[in-house]
Amino acid sequence: MSKTNGKDADGPEPGKIRETASQGDAGHRTKGKQAEKKAKGGARGGAKQEARTRRADGHPPSSAAWARAADAGMGTAPSLSPHRHPRLARAAPGIVTVEPGIRFALASVDADATGGLDKAEAKAALADERERIKALQEKLYAEHARSLLVVFQAIDTGGKDGTIRSVLEGVNPQGCRVWSFKVPSAEELDQDFLWRYHARAPGRGLIGVFNRSHYEDVLVVRVKGLVPEETWRERYGLINDFERLLTLSGTTILKFFLHISKDEQKERLEARLEDPDKHWKFDPADLTERKSWDAYRTAFDDALSRCSTPYAPWHVVPANRKWARNLMVARTIADTLEAMDPRFPPAREGLAGLKVPD
Ligand code: AMP
Ligand code: MG
């Protein structure tokens with residue numbers, strides 16, 4: 001085993017991650033209680049105070065509608081910070097969530113697992129989950145206060161495109177942005193590695209989807225040796241800080257690793273070669289990459305171990321069975337949106353008596 005791997009086997013720096021976790025939790029509890037008290041008070045003065053506090057915090061009222069509502073004592077915008085008020089849901093059965101600060105290995109997860117589901121049931125359940133996502137997304141968009149970022153990583157043929165197509169079917173495209181990250185352009189390479197991802201982080205009210213992400217900069221970049229080791233090694237901490245910044249700014253982050261076996265990849269590559277309609281998807285470079293399967297595994301294990309945090313944990317989805325994968329991801333997105341509890345903003349005052357002129 002190389003020196004690099006030996007070092008990796010030590011795992012993440014648990015102290016650092018744990019410290020962040022306990023601070024975050026403590027802050028959450030105190031501020032959560034204060035927020036609860038204010039919400040219960042519901043008095044006009046309380047709402048105004050909340051709006052002022054928010055401005056003092058550097059968090060402006062999220063939209064004109066919510067600002068008007070706060071000034072009129074009709075309610076306040078939801079917290080901009082899911083980190084202080086975490087709204088994460090438990091992942092759907094079958095998914096393995098990587099415990100923060102603990103050394104994790106993909107080898108411990110069975111890529112064939114279905115979460116105890118049956119194919120026919122799963123198809124029907126998927127339709128229900130899509131409906132839930134659709135309804136909740138409408139509220140998230142109308143609320144215009146917070147956002148959801150869904151990150152997909154996988155080895156080639158892992159099913160990122162198929163999952164996105166299946167799970168987001170029916171969602172209002174206006175409230176959703178999907179970004180597929182390729183080899184960085186010359187302009188992007190002239191900036192810091194997070195620049196292109198930060199620029200595409202979802203704004204208020206939006207669901208953002210990253211098909212590949214900032215994790216490529218500790219995956220393909222590491223495996224191919226595109227930057228020196230000391231450069232990619234310090235990126236784990238920078239990624240955790242970046243995700244914490246997004247979280248503190250009102251973005252809930254869901255990270256899915258689609259986990260397929262090496263045999264399954266072979267079958268999928270063969271299918272792409274055999275079917276003329278799939279030829280466009282076949283990239284001969286995938287065959288070269290497949291030779292680096294073990295190096296990718298090490299890089300994945302490290303990224304998942306080092307960057308699973310209390311505020312943005314990694315979810316490993318057994319992904320050999322597409323139907324099970326789709327349901328697990330859809331259910332987790334729906335549950336997370338439900339936990340975020342987006343709300344339609346309050347109506348303007350005096351709507352009740354209004355008549356639309358002929
Ligand atoms: P695909 O997703 O199959 O269209 O392929 C996109 C390609 O871009 C993959 O081979 C990725 O490894 C590569 N890629 C994505 N992000 C980066 C990055 N930050 N640095 C180098 N290559 C990247
Ligand atoms: Mg590809």
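Computed from a prediction, not measured in an experiment: that's the story for all the values here.

A. Highlighting the overall build of the protein chain. Of regular secondary structure, the protein chain possesses 15 helices and six strands. Sorting the 358 residues of the protein chain into buried and exposed places 46% on the buried side. Contacts in the protein chain between residues far apart in sequence, at least 24 positions, make up 83% of those at least 6 positions apart. As displayed, the protein chain offers around 18,000 Å² of accessible surface, 52% of which is attributable to carbon and sulfur atoms.

B. Region of the structure containing the sheet that holds strand β5 (residues 251–259). The six strands lie next to each other as β1-β6-β5-β2-β4-β3, forming an open sheet whose pairing is mixed. Two strands in the sheet have a free side with no partner beyond their single neighbour: β1 (96–97) and β3 (176–180). Pairing of strand β2 (residues 147–154) with strand β4 (residues 207–211) involves five bridges; the strand directions are parallel. What sits directly across from Val 150, in β4, is Val 209. Running over the sheet, helix α11 (residues 235–248) touches β2 and β5 and is turned about 135° from β5.

C. Up close: the packing of aromatic side chains. Scanning the entire structure with this criterion turns up eight aromatic pairs. Measuring from centroid to centroid gives 6.5 Å for Tyr 197 and Phe 210, while their planes differ by 50°, and the two rings are tilted. Within this pair, whereas Tyr 197 is found in helix α8 (residues 195–198), its partner Phe 210 is found in strand β4, the two being separated by 13 residues in sequence. Judged by centre distance (6.0 Å) and plane angle (35°), the ring pair of Tyr 296 and Phe 300 falls under tilted. Placement of the pair is Tyr 296 and Phe 300 together in helix α14 (residues 293–306), with a separation of four residues, close to one helical turn. Like Phe 300, Tyr 296 is buried. An aromatic cluster of at least three residues, connected via ring pairs, comprises Phe 181, Tyr 197 and Phe 210. In this arrangement the basic side chain of Arg 235 is found over the ring face of Phe 193, its NZ or CZ atom lying 4.4 Å from the centre. Above the face of the Tyr 236 ring, Arg 306 is positioned so that its terminal group lies 5.1 Å from the ring centre.

D. Structural detail: the packing of helix α5 (residues 119–143) against helix α15 (residues 322–340). Relative orientation of the contacting elements α5 and α15 amounts to 30°, with a least axis distance of 8 Å. It follows from the interaxial angle that α5 and α15 lie roughly parallel. You can see that α5 and α15 cross each other, and the crossing is left-handed. Contact residues: α5 offers Lys 119, Ala 122, Ala 125, Leu 126, Glu 129, Arg 132, Ile 133, Leu 136 and Leu 140, while α15 offers Trp 323, Asn 326, Leu 327, Ala 330, Arg 331, Ile 333, Ala 334, Asp 335, Leu 337, Glu 338 and Met 340.

E. The arrangement of the pairing of β2 in detail. In terms of burial, β2 is largely enclosed, as eight of its eight residues are buried. Residues Ser 147, Leu 149, Val 151 and Gln 153 point to one face of β2 and Leu 148, Val 150, Phe 152 and Ala 154 to the other, with burial holding for every one of them.

F. A look at a positive patch on the surface. A surface patch of like charges, here positive, comprises Arg 165, Lys 278, Lys 281 and Lys 322. Since its relative accessible area comes to 59%, Arg 165 is described here as exposed.

G. Spatial organisation of the confidence of the model for the protein chain. For the protein chain, the mean per-residue pLDDT works out to 84, and 78% of the residues sit at or above 70. The low-confidence segment residues 1–61, where pLDDT is below 50, has 75 contacts with residues more than four positions distant or belonging to other chains.

H. Geometry of the site of ligand 1. Around ligand 1, the surrounding shell consists of Phe 181, Lys 182, Val 183, Pro 184, Arg 196, Tyr 197, Arg 212, Glu 216, Asp 217, Val 220, Val 221 and Leu 226. The contact in question runs from an oxygen atom of ligand 1 to an N or O atom on the backbone of Val 183, over 3.2 Å. The side chain of Glu 216 places a nitrogen or oxygen atom 3.5 Å from an oxygen atom of ligand 1. Bound to the protein, ligand 1 loses 77% of the 500 Å² it would expose on its own. With respect to the detected pockets, ligand 1 is housed in the largest pocket. At the level of elements, α8 and α9 (220–223) are the ones that each hand at least two residues to the shell around ligand 1. Its residues assigned to classes, the shell around ligand 1 comprises seven nonpolar, no polar and five charged.

I. Inspection of the layout of surface pockets at higher detail. By volume, the largest pocket is sized at about 1,400 Å³. Lining the largest pocket are 48 residues; nearest its centre among them are Asp 156, Lys 160, Phe 181, Lys 182 and Arg 212. Counting only elements with at least two residues in the lining of the largest pocket, the list comes to α6 (160–167), α7 (186–189), α8, α9, α12 (262–274), α13 (285–291), α14 and α15. Per-element accounting of the lining of the largest pocket gives the leading share, four residues, to α6. Residue composition of the lining of the largest pocket, by class: 18 nonpolar, eight polar and 22 charged.

J. Region of interest: the pattern of salt bridges. If you walk through the whole model with that rule in mind, you get 20 salt bridges. A salt bridge links Glu 129 to Arg 132; the shortest N-O distance between them is 2.6 Å. Taken together, the residues span about one helical turn, with Glu 129 and Arg 132 both in helix α5 at a distance of three residues. Here Arg 212 and Asp 156 are joined by a salt bridge, their closest N and O atoms 3.0 Å apart. With Arg 212 in the loop between β4 and α9 and Asp 156 in the loop between β2 and α6, this pair connects stretches of sequence that are 56 residues apart. Asp 156 sits in the buried class, given a relative accessible area of 15%. Taken together, the shared-partner salt bridges connect Glu 129, Arg 132, Arg 331, Asp 335 and Glu 338 into one network.

Conventions adopted
- Each chain carries its own residue numbering, running from 1 in the direction its sequence is written.
- Each chain gets a letter, beginning with A, and each ligand a number, beginning with 1, in the order they are written.
- In keeping with the model being predicted, local features are shown solely for residues with a pLDDT of at least 70 and side-chain atom pairs are shown and tallied solely at 80 or more, while totals for entire chains, interfaces and linings include all residues.
- Only hydrogens and water are set aside; all other atoms, that is, all heavy atoms of the structure, feed into the side-chain values.
- Numbered from the N terminus, helices here are DSSP runs of H or I no shorter than four residues, and strands are runs of E no shorter than two.
- In this scheme, a residue with accessible area under 20% of its type's maximum is buried, one over 50% is exposed, and one in between is partly exposed, where area comes from a 1.4 Å probe on protein chains only.
- Whether two residues are in contact is decided by their heavy atoms, any of which lying within 4.5 Å being enough.
- All accessible areas in this document rest on Shrake-Rupley with a 1.4 Å probe, and a residue is counted as covered only by the protein chains that are shown.
- Strand pairing follows a simple DSSP-based rule, namely that at least 2 bridges must link the two strands.
- To get an axis, fit a line to the C-alpha atoms, keeping to the stretch in contact for a helix; angles then go from 0 to 180 degrees between the N-to-C directions.
- Working definition: a ring pair exists when centres of Phe, Tyr or Trp rings (six-membered ring for Trp) sit within 6.5 Å. Plane angles under 30 degrees give stacked, over 60 give edge-to-face, the rest tilted.
- Note on criteria: charge over ring means Lys NZ or Arg CZ within 6 Å of the ring centre, with the direction from the centre no more than 35 degrees off the ring normal.
- Any angle that falls under 35 degrees is termed roughly parallel, while one over 145 is termed roughly antiparallel, one within 65 to 115 roughly perpendicular, and all others oblique.
- Crossing chirality is assigned from the near helix's rotation relative to the far helix, an anticlockwise turn below a right angle marking it left-handed and a clockwise turn marking it right-handed.
- Residues qualify for a patch when their relative accessible area is over 30% and they have no salt bridge, like charges being joined within 9 Å and the nonpolar side chains of Val, Leu, Ile, Met, Phe, Trp and Tyr within 5 Å.
- Each reported salt bridge corresponds to a side-chain nitrogen of Lys or Arg within 4 Å of a carboxyl oxygen of Asp or Glu.
- His is not counted here, nor are the chain ends, while Lys and Arg score as positive and Asp and Glu score as negative.
- The atom standing in for a charge is NZ when the residue is Lys, CZ when it is Arg, CG when it is Asp and CD when it is Glu.
- A residue's pLDDT is the confidence the predictor assigns to it, expressed on a 0 to 100 scale.
- Residues are labelled near a given molecule or strand when at least one of their non-hydrogen atoms is within 4 Å of it.
- Two N or O atoms form a polar contact when they lie within 3.5 Å of each other; inside protein one atom must be a possible hydrogen donor and the other a possible acceptor, and for residues adjacent in sequence the pair counts only when both atoms belong to side chains.
- A 1.4 Å probe that fits into a set of points on a 1 Å grid over the protein atoms alone but cannot get out defines a cavity; an open set with protein on both sides within 12 Å along at least five of seven lines defines a pocket, and lining residues are those with an atom within 4 Å of a point.
- To qualify as sitting in a cavity or pocket, a molecule needs more than half of its atoms within 2 Å of the grid points.
- Note on residue categories: nonpolar means Ala, Val, Leu, Ile, Met, Phe, Trp, Tyr, Cys or Pro, charged means Asp, Glu, Lys or Arg, and polar means any other residue, Gly included.
- Grid points are joined across faces, edges and corners, and a volume is the space filled by probe spheres set on the points.

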